[in-house]
Amino acid sequence: MEFKKVLEKRQTIRRFKNKNIPEETIREILELANLAPSAGNLQAFKIIIIKNDEIKKRIPEFTFSSQDFIAEAPVVFIIFADLGVSAARFNERGRDLYAIQDATIFASYLQLAAASKKLTTVWVGSFDEKKVQKFFQTPKNLKPVVIMPCGYPKIEAPKTKRKKMEELILTREHD
Ligand SMILES: Cc1cc2nc3c(=O)[nH]c(=O)nc-3n(C[C@H](O)[C@H](O)[C@H](O)COP(=O)(O)O)c2cc1C
């Protein structure tokens, strides 16, 4: 798919077809996302891939508001920032910033890679980190950054607006 089209296709759709994603497609989008840059090339993140229905059903319990659509997706990724890995090289800045950026950039690439395969993803950020860590029994240095259901969209994407570029550019003094 043309890159521009991929960017346009990456839209949040919270309804999924009852259709599994082939294993090789999951592997391919993860490999594509793994092309993401990371601080010191440390790739300070970890992923959990959830396909088990019983476990998927539990995930909405971790969110702050009702987000039951998560359990309807054939696959749910949870992406964790590995604070320890980044801190070991970059100290405070690694722990407080780079690890989270590494995980976030990976997640963003994953959304685009999924879009290129006609899949939709939802970036779910509204959840209780501690509940996720407890349920999956993950080490303390792994900070869950995003829960990302992924599947084939059941409906058209709702229209979303963007601010005008003029509102986003802070100053033109330096043009
Ligand atoms: C950091 C972040 C947190 C988000 N958290 C949630 C969330 O908890 N639940 C949800 O349904 N969507 C969430 N979203 C998705 C946004 O609502 C969505 O990206 C935005 O409305 C723009 O729509 P679009 O993705 O279709 O362009 C989140 C997105 C980001 C980047």
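Here, every reference points to the structure presented above.
Everything quoted here is computed from the prediction, not taken from an experiment.

Let us now look at the overall build of the protein. Across its full length, the protein holds 6 helices and 4 strands. Walking the protein from its N terminus toward its C terminus, one meets helices and strands in the order α-α-β-α-β-α-β-α-β-α. Taking 175 residues into account, the globule formula puts the C-alpha radius of gyration at 16 Å, and the protein, at 17 Å, falls close to it. Expressed as lengths along the three principal axes of its C-alpha atoms, the size of the protein is roughly 50 × 40 × 35 Å. The 175 residues of the protein split such that 38% are buried. Pairs at least 24 residues apart make up 80% of the contacts formed inside the protein by residues separated by at least 6 positions.

Here the focus is the site of the ligand. Neighbouring the ligand are 13 residues; Arg10, Thr12, Arg14, Trp123 and Arg162 lie closest to it. At a separation of 2.7 Å, an oxygen atom of the ligand approaches a polar side-chain atom of arginine 10. Between the ligand and glutamine 67 there is a distance of 2.8 Å, counted from a nitrogen atom to a side-chain nitrogen or oxygen. Starting from 620 Å² of accessible surface for the ligand in isolation, the protein chains cover 62%. Of the residues belonging to the shell around the ligand, the class tally is 4 nonpolar, 6 polar and 3 charged.

Among the nonpolar cores identified, the biggest contains 25 residues, and Ile29, Phe77, Ile79 and Leu110 are the most heavily contacted of them. Mapped onto this core, the elements with two or more residues apiece are α2 (23-33), β2 (75-82), α4 (83-116) and β4 (142-151). The leading source of residues in this core is α4, at 8 residues. Once you skip the residues sitting within four places of it in the chain, isoleucine 29 turns out to touch Phe77, Leu110, Ala113, Ala114, Lys117, Leu119 and Cys150. Core analysis: the next-biggest nonpolar cluster, separate from the first, contains 17 residues, Phe62, Ile70, Val132 and Ile147 among them.

Contact geometry for α2 and α4: axes closest at 8 Å, N-to-C directions at 135°. On the basis of their axis angle, the class for α2 and α4 is oblique. Here α2 and α4 pass one another in a crossing that is right-handed. Across the interface between the two elements, Ile29, Leu30, Leu32 and Ala33 of α2 pack against Phe106, Tyr109, Leu110, Ala113 and Ala114 of α4. Taken together, the residues of the contact of α2 with α4 break down into 9 nonpolar, no polar and no charged.

Right, let's talk about the pairing of β2 for a bit. With 8 of its 8 residues buried, β2 lies for the most part within the structure. By the alternation rule, side chains of β2 split into Val75, Phe77, Ile79 and Ala81 and Val76, Ile78, Phe80 and Asp82, which are all buried. Of the pairings in the sheet, the one linking strand β1 (residues 45-50) to β2 comprises 6 bridges and is antiparallel in character. Following the sheet pairing, isoleucine 50 is matched in β2 by valine 76. Sheet topology places β2 next to β4; 8 bridges connect them, and they run antiparallel. Note that in β4 the partner of phenylalanine 80 across the bridge is proline 144.

Criteria and thresholds
- For every chain, the first residue of the written sequence is number 1, and numbering continues from 1 along that sequence.
- Only residues with pLDDT of at least 70 are given local features in this predicted model, and only at 80 or more are side-chain atom pairs given and counted; all residues enter the totals for whole chains, interfaces and linings.
- The side-chain numbers reported here are obtained from all heavy atoms of the structure, hydrogens and water having been left aside.
- Think of it this way: any DSSP run of H or I at least four residues long counts as a helix, any run of E at least two long counts as a strand, and we number them from the N terminus.
- The globule rule is 2.2 Å times the number of residues to the power 0.38, and the radius of gyration it is compared with is taken over C-alpha atoms.
- Partly exposed residues are those whose accessible area sits between 20% and 50% of the maximum for their type, while under 20% is buried and over 50% is exposed, using a 1.4 Å probe and protein chains only.
- Contacts were defined at the residue level, with two residues in contact if any of their heavy atoms lie within 4.5 Å.
- Proximity criterion: a residue is near a molecule or strand once any of its heavy atoms comes within 4 Å of it.
- Any N or O atom pair separated by 3.5 Å or less is treated as a polar contact, with the protein-specific requirement of one donor-capable and one acceptor-capable atom, and with residues adjacent in sequence counted only for side-chain atom pairs.
- Each accessible area is a Shrake-Rupley estimate made with a 1.4 Å probe; only the visible protein chains count as cover when residues are assessed.
- Residues are grouped as follows: Ala, Val, Leu, Ile, Met, Phe, Trp, Tyr, Cys and Pro are nonpolar; Asp, Glu, Lys and Arg are charged; all remaining types, including Gly, are polar.
- Note on terminology: a nonpolar core comprises buried Ala, Val, Leu, Ile, Met, Phe, Trp, Tyr and Cys residues joined through side-chain atoms within 4.5 Å.
- Angles run from 0 to 180 degrees between N-to-C directions of axes, and those axes are lines fitted to C-alpha atoms, restricted for helices to the stretch in contact.
- These descriptions rest on fixed angle ranges, namely under 35 degrees for roughly parallel, over 145 for roughly antiparallel, 65 to 115 for roughly perpendicular, and the rest for oblique.
- We call a crossing left-handed when the near helix sits turned anticlockwise from the far one by less than a right angle, and right-handed when that turn is clockwise.
- When DSSP finds two or more bridges between two strands, those strands count as paired.

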